[in-house]
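Summary of the model geometry
Each chain, letter by letter, is given below.
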Amino acid sequence: MYAKILGIAEETRPEDVPDDVKMVTLPCVWSLALSSNSKLEVNSWFNLRLRNYLRFLSKSLISSTEVQNASCLAFQKLVSVMGNNFTYNSSEFGKGDVYTTIRTYLRPVSIGSGARCYNASDAELNSTSWFVNYIGNFVTFITVDDLTTFVSTSQNKVFFVDQANLELFDNTAIPKNVTNYYTSQLFEFNPTFNPVKLPGFFLCSSEVPKLAYSSVNEADTTLILKELNKFCNGTEDPEVSAALASNIQTITAETFATLGNVSASLTKSQITSVAPSLLVSSLSTLSTVTTWNQEQATVIIQTMTAAGLQINTASSLEALGLLVTGVLSKSIENIPASELLSISQSTTFVSSMLAAPTVVQQTFVKKIISVDPSPPKVVLNVPDDMATEIPPSLLVFSEEMVNISVINRKKWTPDQAAMFFGTLAKTNFDIEQLSPSVLQGFTCTSVQRMTTSRVQTLIHASRPRRDRAKVELKEPQLTCMYNLLNGNISQNFTDYPSDMLLYLNNKDVQRANCTSYFSALGAADFSVASSVLNKESLLLSEARTCLGINGISLSKDNVEVLGNMACTLNSSYIQNADPLILEKLKACKDFTDSQVAAMETLLLSGKTPYGNATTWNQQTLENLGILPLYLTRNIWGQFKTTTKRSFLKTFMSHLRNTKTEKQKLKELFKEISALKIKRGAGCTVGNITQVIVSDSSFPFGYDQTQFDLCLDVPVLKDNLNSICEKVDDDDLQKIILKKLNQAFPSGVSDNEVQVLGSVSRVASLADISKWSIIRIDTLASLMKAEDGSWEASKSKAIITKYLKTSGNILGSTELNSIDSNLCSLDTSTMKTITPDSIRNANPLNVASCSSEQKRVLYEISNASFSSQRATPASFYNLIKPYIGGAPHSDIETLSTQNINMDIDVFRNLQSNVIADLTVTNVQGLMGNQLRDLKLFENDPVIQTWVNRQLQSDLDKLALNLTTNRPDLTTAPPSTNDATASETQAVTTSRGTRLAKLQTSIFLAAVLKTVLQILQQLA
């Protein structure tokens, strides 16, 4: 009957029967269809006999139980029909159910037996389009485990290169890890596979070997670039960009357009080979490239200007777009200020300018200021994101002049914000809406005229808030806040800046609330507190008492409450803490060697969420956050070289973008690199090329010997900026300088010197003598603090070399660039600084200057800010950086002007000045900061001053300070009293017993007699 209905016997067309008949017929003949073994028979079943029956397939009929024994040809047909012709809308199963059956069917009989239904010697089963035939449109369900299970390693070689399979996998719905695996396998077995043959989507995979791009010709490079732009929105991988750029031989306007951001991977020699006229005509394209480095942008700008391009108007400057990073500051100076003011309103232009060197930004801001230097206009005219370059001397407002709304949207430094913070005394502006940038201007000087209520509101506004940047405050600001609260501390500790909580006393925290206190304190930056205060051990001791911690074991709850206090714990606590402590340590700014050792011990124990060392991989390193920066060979030795290199590609980029201290980067390179040094075999690691340098992990894998052997001078000259940016190791940096001298035997020009970065710090005086340092741009680049500190002799040589050029002086721009390196100069050179230069400069760090140098700088700055003497607070804020050179008379005058000097400034006054200050002087100087004398009583400077005072005078401060100087105001003791006092002890207000020696008493009596005689003579 079924044969007749389906037309099997006579090979006729199936009869048209009712649907209910079809529904009962299909299960009866389904196994016959699946067992058919010839293509003709399979096609007859699925294309003819069952064509109108397949819509009645049920979940049970397509299950693996029913399908498992199907012939390969029938199964192949089933996959095709279910993937292309079946409608699932009214079906009781979905595509996922079909794929479950496919997965079960294709699973090999035994591991390594190869793909089911593939036989290279069978004409019907030897198709290498295996994935198309047996997975088809269900490929979006496939996993990496499926790929590794279905196909043997040897079959990957033929299956993965099959063009039909490649096209099948060109589907964005396929999981990314599957595409990456497919790509990696493809190139592992076919290293010479031309990436131009890849489907466009595959080019987005990070698994395409970078060297594969280097092997294609120029025409294919163009095709690949177009595909990358179409499917991947270009490429952000610097290695891919460098590899493709290295294939370009002839550059046209169309080439630049096709390259897009990849243009920034062209070498210096490629750029200089381009006709200047072509660069000028392609400016609209080149100006939009976001990744030009300093060297490239400078070369392009100089090439175009040499060919006649004028940069002397605002429009010509704006047309440069992101190439503005290569403009010299003198070019900005030549443009009319009014024109610069007009383009400063363009957010696009300002965004481009923010990528330019700081010295160029400062020159730009200086020109805008010159249009109208009145403070209200300066604040209004200077772009919000560039306001940090406004000299503090131009931020002296009266309350009537200030516009808080305008000020609040700009970025400020703490020194700037302190200048106008006092104007918040009577403003109606909502204090809660003040930006962290403005709030960091809180000082006891700036709030001296404010009501207690306003001060409390400002302190509350500085608390930590979600989705809002932290208000960064220094220790004197924090102690000022605490002092002004005057003991009125709420038990809701999150109402205060976290860092201020470091300075609370026991009496401020009710015993029942100690846990909430330490929980809030856990968000603090413990490095803010001065070491002399011993806050780390004191607070830990209090926390132990509060939380009931016995011994050195810390529970998960303990660690959670302690929070950032974890950064202060010694190795014993770290090793014996709940593994959660590793997560807390990620917030720390630095570690001691013993802390690092403890972290590593904890990690190697295998008792953390990171598991046993044998299971560690790249994801482990990524999950560790910032901690890998501090790890030693004990941990790095657990990882394969390939894993470390892959991890460094992203990790090093992050570290450089966040301007991680160079010394830390040097230590990281030393610890992560292998100890073995290869010698005598030539370059074995691989020649350093443009592509190698573009790798963010570079120079990982190169020791000192290999770096020297593998780096050719032409490559260094062509990629100097990129190499200097990435090499942090001292020994490798010295090799760079050695080869640079070989490249430029007659001397190194400003262009090259300007991009040396931290490499410059290992230069000898002989190296420096060969450098050209004519431009302020070069000087500013060399002085960048982020590249490391200078030895005084070297910074002096550099600055002196700059000043030898006619017209170069220590102006405000130079002072901003030099900053603390100013202290390396002779006082004779310092005396050439004019008051205008100091007034128009940012506050300078002169902490390392000698007393004589500080005196010179104070005299100049005193003249610079003399016009502000009528407003003592403003004058003090401006003179404060240089006040360490002030004479006693000036400090004594300040003590009568209610300036509220903080403890840091006081400690840095000249020692002879401090010695001569009376208790009354200090009380007048410090004002609301006076309590910090008690807080810092163990500081050597404070101790020395205290011990010069009489106890009776100190007692007037009511700070419980104790001197070791005898009080000479009492009457001279009688002989009997003197004799008795030899064995008597006087108990001080702190409970310390000081022995009165006979000699001291005798000298005191003599001194008093002499004083009486002198008074009579007077």
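Note that the coordinates shown come from a computational prediction; the quantities given were computed from them, not determined experimentally.

Concerning the overall build of the chain
- Helix and strand content of the chain: 63 helices and 2 strands.
- Referenced to the eigenvectors of the C-alpha coordinate spread, the extents of the chain come out at roughly 150 × 75 × 65 Å.
- Buried residues in the chain amount to 51% of all 1018 residues.
- Restricting to contacts in the chain with at least 6 residues of sequence separation, those with at least 24 account for 66%.
- Accessible surface for the chain amounts to roughly 45,800 Å². Of this, 50% is attributable to carbon and sulfur atoms.

Thoughts on the environment of arginine 775
- You can see arginine 775 is positioned in the loop between helix H47 (765-768) and helix H48 (776-782).
- The exposure class of arginine 775 is buried, given its relative accessible area of 18%.
- For the pair arginine 775 and aspartate 384, spaced 391 residues apart in sequence, the C-alpha separation works out to 28 Å.
- When sequence neighbours within four positions are dropped, the list of residues in contact with arginine 775 reads Gln302, Leu328, Asp750, Asn751, Gln754 and Tyr802.
- A polar contact is formed between the side chain of arginine 775 and the side chain of asparagine 751, at a distance of 2.8 Å.

Details of helix H14 (residues 238-245)
- Burial runs high along H14: 7 of the 8 residues are buried.
- Along H14, the positions that sit buried rather than exposed are Glu239, Val240, Ser241, Ala242, Ala243, Leu244 and Ala245.
- Contacts made by the buried residues of H14 are with helix H12 (210-214), helix H13 (218-232), helix H16 (268-272), helix H39 (641-657) and helix H41 (690-694).

So, unusual backbone geometry
- Geometrically, the link from phenylalanine 698 to proline 699 is a cis peptide bond, its omega value of 10 degrees lying close to zero.
- For proline 699, the location among the structural elements is in the loop between H41 and helix H42 (704-710).
- Here asparagine 534, not a glycine, exhibits a phi torsion of approximately 55 degrees, which is positive.
- Along the polypeptide, asparagine 534 turns up in the loop between helix H31 (514-521) and helix H32 (535-547).
- By relative accessible area, asparagine 534 is classed as partly exposed at 42%.
- Notably, aspartate 819 is not glycine yet its phi reads approximately 50 degrees, a positive angle.
- Within the secondary structure layout, aspartate 819 lies in the loop between helix H50 (812-818) and helix H51 (827-830).

Section: the side chain of threonine 363
- Mapped onto the fold, threonine 363 is located in helix H24 (residues 358-371).
- Not counting residues up to four positions away in its chain, the partners in contact with threonine 363 are Ser329, Ile332 and Glu333.

What to know about the state of the cysteines
- For the structure on display, the rule yields 7 disulfides.
- Two residues, cysteine 72 and cysteine 117, share a disulfide whose sulfurs are 2.1 Å apart. In this structure the cystine formed by cysteine 72 and cysteine 117 twists about its S-S bond by roughly -85 degrees; its chirality is therefore left-handed. One end of the pair, cysteine 72, is in helix H5 (residues 72-84); the other, cysteine 117, is in the loop between helix H6 (95-106) and helix H7 (130-134), and 45 residues separate them in sequence. In this structure, cysteine 72 and cysteine 117 share a single accessibility class: buried.
- One disulfide bridge connects cysteine 823 with cysteine 849, the sulfur atoms lying 1.9 Å from each other. Between cysteine 823 and cysteine 849, the S-S torsion sits near -90 degrees, and that sign places the bridge as left-handed. Of the two residues, cysteine 823 sits in the loop between H50 and H51 while cysteine 849 sits in the loop between helix H52 (835-839) and helix H53 (851-864), which places them 26 residues apart along the sequence. There is no split in this pair, since cysteine 823 and cysteine 849 are both buried.

Side note on the pattern of salt bridges
- Scanning the entire structure with this criterion turns up 34 salt bridges.
- With its nearest N and O atoms 3.3 Å apart, the salt bridge here joins aspartate 384 to arginine 409. Placement of aspartate 384 in the loop between helix H25 (375-381) and helix H26 (404-408) and of arginine 409 in the loop between H26 and helix H27 (414-420) is noted, with a sequence separation of 25 residues between them.
- As a salt-bridge pair, lysine 666 and aspartate 730 come within 2.6 Å of each other at their nearest N and O atoms. Placement of the pair is lysine 666 in helix H40 (residues 662-672) and aspartate 730 in helix H45 (residues 730-743), with a sequence separation of 64 residues.
- Among the charged side chains, a network of salt bridges with common partners joins Asp19, Lys22 and Arg55.

As for the packing of aromatic side chains
- Tallied over the entire structure, the rule returns 34 aromatic pairs.
- Ring plane angle 55 degrees and centroid distance 6.3 Å describe the contact between tryptophan 130 and phenylalanine 150, whose orientation is recorded as tilted. With tryptophan 130 in helix H7 and phenylalanine 150 in helix H8 (residues 144-150), this residue pair connects regions lying 20 residues apart in the sequence.
- Residue classification places tryptophan 130 among the buried residues on the basis of a relative accessible area of 0%.

Here's the deal with H45
- In this model, H45 (14 residues) spans 20 Å end to end at C-alpha, consistent with the 20 Å of a helix rising 1.5 Å per residue.
- Turning to H45, its buried residues are Leu732, Gln733, Ile735, Ile736, Leu737, Lys739, Leu740, Asn741 and Ala743.
- Among the structural elements, H40, H42, helix H43 (713-718), helix H44 (720-726) and H47 are those in contact with the buried residues of H45.

So, the confidence of the model for the chain
- On average, residues of the chain score 92 in pLDDT, and 93% of them reach the 70 mark or higher.
- Taken as a whole, residues 970-1006 scores under 50 in pLDDT and shows 30 contacts with residues more than four places along the chain or in a different chain.
- Across residues 1013-1018, confidence stays below pLDDT 50; counting only partners more than four residues off in sequence or on other chains, it has 0 contacts.

Some points on the environment of aspartate 777
- With respect to the helices and strands, aspartate 777 occurs in helix H48.
- Overall, the relative accessible area of 5% leaves aspartate 777 in the buried class.
- For the pair formed by aspartate 777 and glutamate 239, sequence separation is 538 residues and the distance between their alpha carbons is 30 Å.
- Among residues more than four places away in sequence, those in contact with aspartate 777 are Val327, Leu328, Ser329, Val359, Val360 and Gln754.
- Only 3.0 Å separates the side chain of aspartate 777 from the backbone nitrogen of serine 329, close enough to count as a polar contact.

Notes on the side chain of arginine 775
- For the buried residue arginine 775, which engages in no salt bridge, the nearest side chain bearing the opposite charge is aspartate 750, 4.2 Å off.
- Here the side chain of arginine 775 touches glutamine 754 through a polar contact of 3.2 Å, side chain to side chain.

Some points on the environment of proline 497
- Note that proline 497 resides in the loop between helix H30 (475-485) and H31.
- Through-space distance from the C-alpha of proline 497 to that of lysine 784 is 31 Å; in sequence the pair is 287 residues apart.
- Contacts of proline 497, omitting those with residues within four sequence positions, involve Ile459, Ser462, Arg463, Pro464, Leu473 and Met481.

Definitions and cut-offs
Residues numbered from 1 in each chain as written. Predicted model: local features only at pLDDT ≥ 70, side-chain atom pairs only at ≥ 80, totals over all residues. Heavy atoms only, no water. Helix = DSSP H or I, 4+ residues; strand = E, 2+ residues; numbered from the N terminus. Buried < 20%, exposed > 50% of the residue type's maximum accessible area, 1.4 Å probe, protein only. Contact = heavy atoms within 4.5 Å. Areas by Shrake-Rupley, 256 points an atom, 1.4 Å probe, with all protein chains shown as cover. Polar contact = N/O pair within 3.5 Å; in protein donor to acceptor, adjacent residues only side chain to side chain. Disulfide = S-S within 2.5 Å. Salt bridge = Lys/Arg side-chain N within 4 Å of Asp/Glu carboxyl O. Phe/Tyr/Trp six-rings, centres within 6.5 Å; stacked < 30°, edge-to-face > 60°. Expected span 1.5 Å × (residues − 1). pLDDT = per-residue confidence, 0-100. Lys, Arg positive; Asp, Glu negative; His and termini not counted.

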